[in-house]
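# Per-entry structural report
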Amino acid sequence: MSGRRVTVTRNPVPAAGAGTAGPLRPLGAVADAEPDGWAEPGELHLRSIVAGQLSLAGRTLAAVAGILLGVAVLPSLGEYAGIGAPGVWLVLCLVPPPLWALLAVTHLRRAERIERESVRAARDGG
Amino acid sequence: MTTAVVASLLGVAVVLLGSAAMSVVRPRRYATTLDFYVAARAVGPWRNGAAISSEYTSAVSCLSLAGLIALHGVPMLWYSVGATGGYVVVLILVVAPLRRSGTYTLSDFAQWRLGSPLVRRLVTGIVTVIGMIYLVAQLQAAGVVLRLVTGLPPWAGGVATAVAAVAVALTAGMGSVTGLQALQFWLKLLIFAGCALVLWSAWRWGMAAPPAAPAPSAGPHPVREHVLAGTGDPSPLGVLSVLVSCALGAMGLPHVIVRVYASPDGRSARRSVVAALAMLVAFYLLPPVYGVLGRVFAPGVPADAMVLVLPARMLPGPVGDALTGLLAAGAFAAFLATSCGVLVALGATLSPGTPRIARITRIGRFRGSVAGAALTALLLSWAAPHGSVILLVMLGFGLSAATLCPVLVLGIWWRGLSARGAAAGLVVGAGLIAALVAVEGLAPAALVARLGLPVRYPAPFVAPVAFLVMVAVSLATPGSVPPGVSRKLARMHIPEDLGEAGIDRSSHRPGRSSR
């Protein structure tokens, strides 16, 4: 471990790799000053990025639930629409996979954008 | 010995011996213990993604799922939808923050985030149970497959898989295992897709004739499969149970979580999960194809055996024998990849708790834990009753959804989670699942029916309860919220780039590799 002092809140984690990493703190913050020794801008920055990621996560989760639900009601819808069993099979096999991939890629891009913007904001602010 | 037996033995031997040889002959040199565990974090998204997919596409995805689709039809198609959907949830909620936390196993995460040895022990216990369930399922499936294709006794397949998996896990570090698993994924995809193509074409072009009395094309098949915790039950609640287990449980699978750590940073970890998802999407197109073929050509065959019976039923003769051999090889690649991943994860989870005997290094303890876990799983796989392995694995998913999922999600996103809250939620979640499964398995059917839904479909009921208990107890015990929560959240959520822009990560990289 580097010579820098780090705050260890309890026993270090004894397993591989985990215990060796010191907690993160903003430059200039005194490590042992207080448990949550964050400078105000750091805390604001954290709150904004967590809020951004959470709202994105909420939206993507809603889409996941929507797809699962849609898939679950599809067979009965298919009966009404007269698609028939082979049609339902085809739709169930071929429609959700590309939707998952699309959802994942969209989420990845948005999450990375939130991070890029937060980095830019932090640099401008700092 | 028939050609089918020779082809199968050859295929299985090539996969098992080849994998073991690859890791023994070419073990990477690791400068430190950490390099051994984490492949020195040199694994790119695509390779790591292939390794993740390889561990995820276990015996269940390759064999049981197709078998269940053949038996029950449409309701089982949801399983493959849910299995992939679980990965999207992992991507959304867990991957990047978990990687940035810098913790290796789920137990490490619990200890780091909540600072409580009790929570760590609870998580270690649950992870061990899930890992064992997974291992037992792989070893049992290996026994079933090897007996089916060669006539060898059922213990032989389990022993062969366990020995090869231990050999790989003991000699190779995460780096070699990653390479091997990535290779096994492509091997599986190639074999299962190729055989599906050949069999489908044979059917389309009339080279294979369906049996005289084909199964009814719709509705549940008369053959009754055993049902466990909602899995294998084609009713809407059974499907819901499996979907909830898949969506929330994937994030708690120990072998998957350990994989995240092989990526160099949070962004790369996220990308490797997206890569894995792309590959899983391709792979999960296959079980329905085998399911349709199985419905037509092998009605009524037990779920785990259906895929391997198919070639001989459709194309009796040398072509069918060769395909059987190939599929057996692909199945063993699946058993081996998953067993290896679970063994490495279990070894890393259990080794810190093993007695510290002088002169035994950390790698020594890791290896001891791996060997111990494999032996225990082998004994359990003989002792446990044999059902379809998908039932076992889905039970693992359900347990994960009701215990590890709330700890991970609340731990990553909510600063109010207290150590007592987490412990209470874990105990309630695991206890309820265990109690309900025990009641379902042991109590008379009439009593189970009278007790109502949660007994038969535990996951969708217990997971929300565990979340609620965790939140309520945390709110009631603000005193046991660990200190330094803001710093921990910052570490999980603030991207690595900010190391240059004012956030100190000096201990983040050099610190971890300097040991």
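Computed from a predicted structure; not experimentally measured. (Residues numbered from 1 in each chain as written. Chains lettered and ligands numbered in written order. Predicted model: local features only at pLDDT ≥ 70, side-chain atom pairs only at ≥ 80, totals over all residues. Heavy atoms only, no water.)

Once that is clear, we can look at the nonpolar core. Grouped together as the largest cluster of nonpolar side chains are 191 residues, with contacts concentrated most on A:Trp100, B:Tyr56 and B:Tyr290. Contacts of B:Tyr290, omitting those with residues within four sequence positions, involve B:Ala66, B:Ile191, B:Phe192, B:Cys195, B:Ala196, B:Leu199, B:Met306, B:Val307, B:Leu310 and B:Leu327. (Core = buried A, V, L, I, M, F, W, Y, C linked by side-chain atoms within 4.5 Å. Buried < 20%, exposed > 50% of the residue type's maximum accessible area, 1.4 Å probe, protein only. Contact = heavy atoms within 4.5 Å.)

Turning our attention to the packing of aromatic side chains. Residues and elements named next belong to chain B. Counted according to the given criterion, the structure contains 12 aromatic pairs over all chains. Centroid distance phenylalanine 185 to phenylalanine 283: 6.2 Å. Interplanar angle 40°. Geometry classified as tilted. Residue phenylalanine 185 is located in helix 10 (residues 174–204), and its partner phenylalanine 283 is located in helix 13 (residues 266–283); the two are separated by 98 residues in the primary sequence. When sorted by exposure, phenylalanine 185 lands in the same class as phenylalanine 283, which is buried. Each ring, one from phenylalanine 283 and one from tyrosine 284, has its centre 6.2 Å from the other, and the planes form 85°; the classification is edge-to-face. Three or more aromatic residues joined by ring pairs form one cluster here, namely Phe185, Trp186, Phe192, Phe283, Tyr284 and Tyr290. (Phe/Tyr/Trp six-rings, centres within 6.5 Å; stacked < 30°, edge-to-face > 60°. Helix = DSSP H or I, 4+ residues; strand = E, 2+ residues; numbered from the N terminus.)

Residues and elements named next belong to chain B. There is a patch of nonpolar side chains on the surface, built from Trp155, Leu375, Leu379 and Trp382 and spanning about 470 Å² of accessible area. At 3 residues, the largest contribution of residues to the nonpolar patch is made by helix 17 (residues 362–383). As for its position among the elements, leucine 379 is in helix 17. (Patch = residues over 30% accessible without salt bridge, like charges linked within 9 Å, V, L, I, M, F, W, Y side chains within 5 Å. Areas by Shrake-Rupley, 256 points an atom, 1.4 Å probe, with all protein chains shown as cover. Salt bridge = Lys/Arg side-chain N within 4 Å of Asp/Glu carboxyl O.)

Turning our attention to the packing of helix 8 (residues 117–150) of chain B against helix 16 (residues 318–350) of chain B. Residue and element names in this part refer to chain B. Between helix 8 and helix 16, the shortest axis-to-axis distance is 9 Å and the interhelical angle comes to 160°. Classified by the angle between their axes, helix 8 and helix 16 sit roughly antiparallel to one another. In the crossing of helix 8 with helix 16, the sense of the turn from one axis to the other is left-handed. Tallied by class, residues from the contact of helix 8 with helix 16 come to 17 nonpolar, 8 polar and no charged. (Axes fitted to C-alpha atoms, helices over the stretch in contact; angles between N-to-C directions. Parallel < 35°, antiparallel > 145°, perpendicular 65-115°, else oblique. Left-handed = near helix turned anticlockwise from the far one by under 90°. Nonpolar A, V, L, I, M, F, W, Y, C, P; charged D, E, K, R; others polar.)

Take helix 9 (residues 154–171) of chain B next. Compared with an ideal rise of 1.5 Å per residue, which puts 18 residues at 26 Å, helix 9 of chain B spans 27 Å between its outermost C-alpha atoms and is within 8% of the ideal. By the burial criterion, the buried members of helix 9 of chain B are B:Ala156, B:Gly157, B:Gly158, B:Thr161, B:Ala162, B:Ala164, B:Ala165, B:Val166, B:Val168 and B:Ala169. (Expected span 1.5 Å × (residues − 1).)

Moving on, we come to a positive patch on the surface. Judged by side-chain charge, A:Arg59, A:Arg109, A:Arg110, A:Arg113, A:Arg116 and A:Arg120 come together as a positively charged surface patch. Ranked by the residues each element gives to the positive patch, the list is headed by helix 3 (residues 96–125) of chain A, at 5 residues. (Lys, Arg positive; Asp, Glu negative; His and termini not counted. Charge placed at Lys NZ, Arg CZ, Asp CG, Glu CD.)

To continue, consider the packing of helix 8 of chain B against helix 17 of chain B. Residues and elements named next belong to chain B. The contact between helix 8 and helix 17 brings their axes to 9 Å, and the two run at 60°. Taken together, the axes of helix 8 and helix 17 lie oblique to each other. For the element pair helix 8 and helix 17, the recorded crossing hand is right-handed. Residues Met132, Leu135, Val136, Leu139 and Gln140 of helix 8 form the contact with helix 17, whose own contacting residues are Ala373, Thr376, Ala377, Leu378, Leu380 and Ser381. By residue class, the composition of the contact of helix 8 with helix 17 is 8 nonpolar, 3 polar and no charged.

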